[in-house]
Amino acid sequence: LLPVVAIVGRPNVGKSTLVNRILRRREAVVEDVPGVTRDRVSYEAEWAGRRFTIVDTGGWSIDATGIHLRVAEQAEVAVDLADVVMFVVDAKVGATDDDEAVVRMLRRSGKPVVLVANKVDDDRFEADAMALWNLGLGEPYAVSALHGRGSGDVLDRVVELL
Ligand code: GDP
Ligand code: MG
């Protein structure tokens, strides 16, 4: 059985785009409309000779109801099943209340977390990524899931923790 890496975060932060970047294919469905990934979706991935299962999830938010509550619950299940969690934040937006709520959920889980500061498409947004040190999850890895910037460094860190 392969180790499991779960991808969690608010809707629209770029989780599915990151999954596609890791897979180097377009399998995870990316949408401008938040909440497209409703259930956990698993893929087999490999980095630096390590194979693992990557689990894409729908977005997590604290006041979710109806379908959104189910999506949030699925994200928590994914975290429970994970060996390592990649927590994706939109660095351009910065940390929101929902991001803080995800942090609390992740702390309760006790799982190792790698903080992905996504949408850092160029140097101008590096400072926004560094502001996410405030979340108290350690080093924010500045990444552009869309363009690939920084994705190797964050994956090196993930496989270190597997
Ligand atoms: P998810 O809801 O967290 O899975 O987010 P998606 O992967 O579906 O992406 C939501 C939107 O953000 C899409 O329009 C993506 O193209 C865009 N996006 C994702 N990653 C990046 C990035 O690194 N930079 C920029 N500029 N946009 C991104
Ligand atoms: Mg998605």
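Just so it is clear, the structure is predicted and the values come from calculations on it, not from any experiment.

## Describing the overall build of the protein
Here is step 1: A count of helices and strands for the protein gives five helices and six strands.
Here is step 2: Along the protein, from the amino end to the carboxyl end, the secondary structure elements read β-α-β-β-α-β-α-β-α-β-α.
Here is step 3: Computed over C-alpha atoms, the radius of gyration of the protein comes to 14 Å, within 12% of the 15 Å expected from 2.2 N^0.38 for 162 residues, which places it in the range of a compact globule.
Here is step 4: In terms of principal-axis extent, the alpha carbons of the protein reach across some 40 × 35 × 30 Å.
Here is step 5: The 162 residues of the protein split such that 40% are buried.
Here is step 6: Nonlocal contacts in the protein, meaning residues at least 24 apart in sequence, comprise 67% of its contacts between residues at least 6 apart.

## Observations concerning helix α3 (residues 97-109)
Here is step 1: Here α3 is 13 residues long and its end C-alpha atoms lie 19 Å apart, about the 18 Å a rise of 1.5 Å per residue gives.
Here is step 2: Regarding α3, the residues found buried are Asp-99, Val-102 and Leu-106. The buried residues of α3 occupy an angular sector of 55° when projected down its axis, which confines them to one face. Exposed and facing more than 90 degrees away from the buried side of α3 are Asp-97, Arg-104, Arg-107 and Arg-108.
Here is step 3: In the segment just after α3, Gly-110 is the residue with positive phi, at about 70°.

## Side note on the sheet that holds strand β1 (residues 4-8)
Here is step 1: Read across the open sheet, the six strands follow the order β2-β3-β1-β4-β5-β6; overall the sheet is mixed. Sheet topology places β2 (41-47) and β6 (140-142) at the edges, where each strand pairs with a single neighbour. Here the average twist between neighbouring strands, direction ignored, is 30°.
Here is step 2: Along the sheet face, helix α1 (residues 15-23) touches β1, β2, β3 (50-56), β4 (84-90) and β5 (113-118) and points at about 160° away from the line of β3.

## Things to note about the nonpolar core
Here is step 1: Core analysis: the biggest nonpolar cluster contains 41 residues, and Phe-87, Val-116 and Ala-117 have the highest contact counts within it.
Here is step 2: Not counting the four nearest positions on each side in its chain, Phe-87 is found in contact with Val-8, Gly-9, Val-102, Leu-106, Val-113, Leu-115, Val-116 and Leu-137.

## With respect to the pairing of β1
Here is step 1: Most of β1 is tucked away, with four of its five residues classed as buried.
Here is step 2: In this sheet, β3 lies alongside β1 in parallel orientation, the contact comprising four bridges. Paired with Ile-7 across the bridge in β3 is Asp-56.
Here is step 3: Of the pairings in the sheet, the one linking β1 to β4 comprises four bridges and is parallel in character. In the strand pairing of β4, Val-8 is matched with Phe-87.

The rules behind each value
Residues numbered from 1 in each chain as written. Chains lettered and ligands numbered in written order. Predicted model: local features only at pLDDT ≥ 70, side-chain atom pairs only at ≥ 80, totals over all residues. Helix = DSSP H or I, 4+ residues; strand = E, 2+ residues; numbered from the N terminus. Rg over C-alpha atoms; globule rule 2.2 N^0.38 Å. Buried ≥ 20, exposed ≤ 12 C-beta atoms within 10 Å, placed from the backbone. Contact = placed C-beta atoms within 7 Å. Expected span 1.5 Å × (residues − 1). Arc of directions from axis to C-beta. Pairing = 2+ DSSP bridges. Axes fitted to C-alpha atoms, helices over the stretch in contact; angles between N-to-C directions. Core = buried A, V, L, I, M, F, W, Y, C linked by C-beta atoms within 7 Å.

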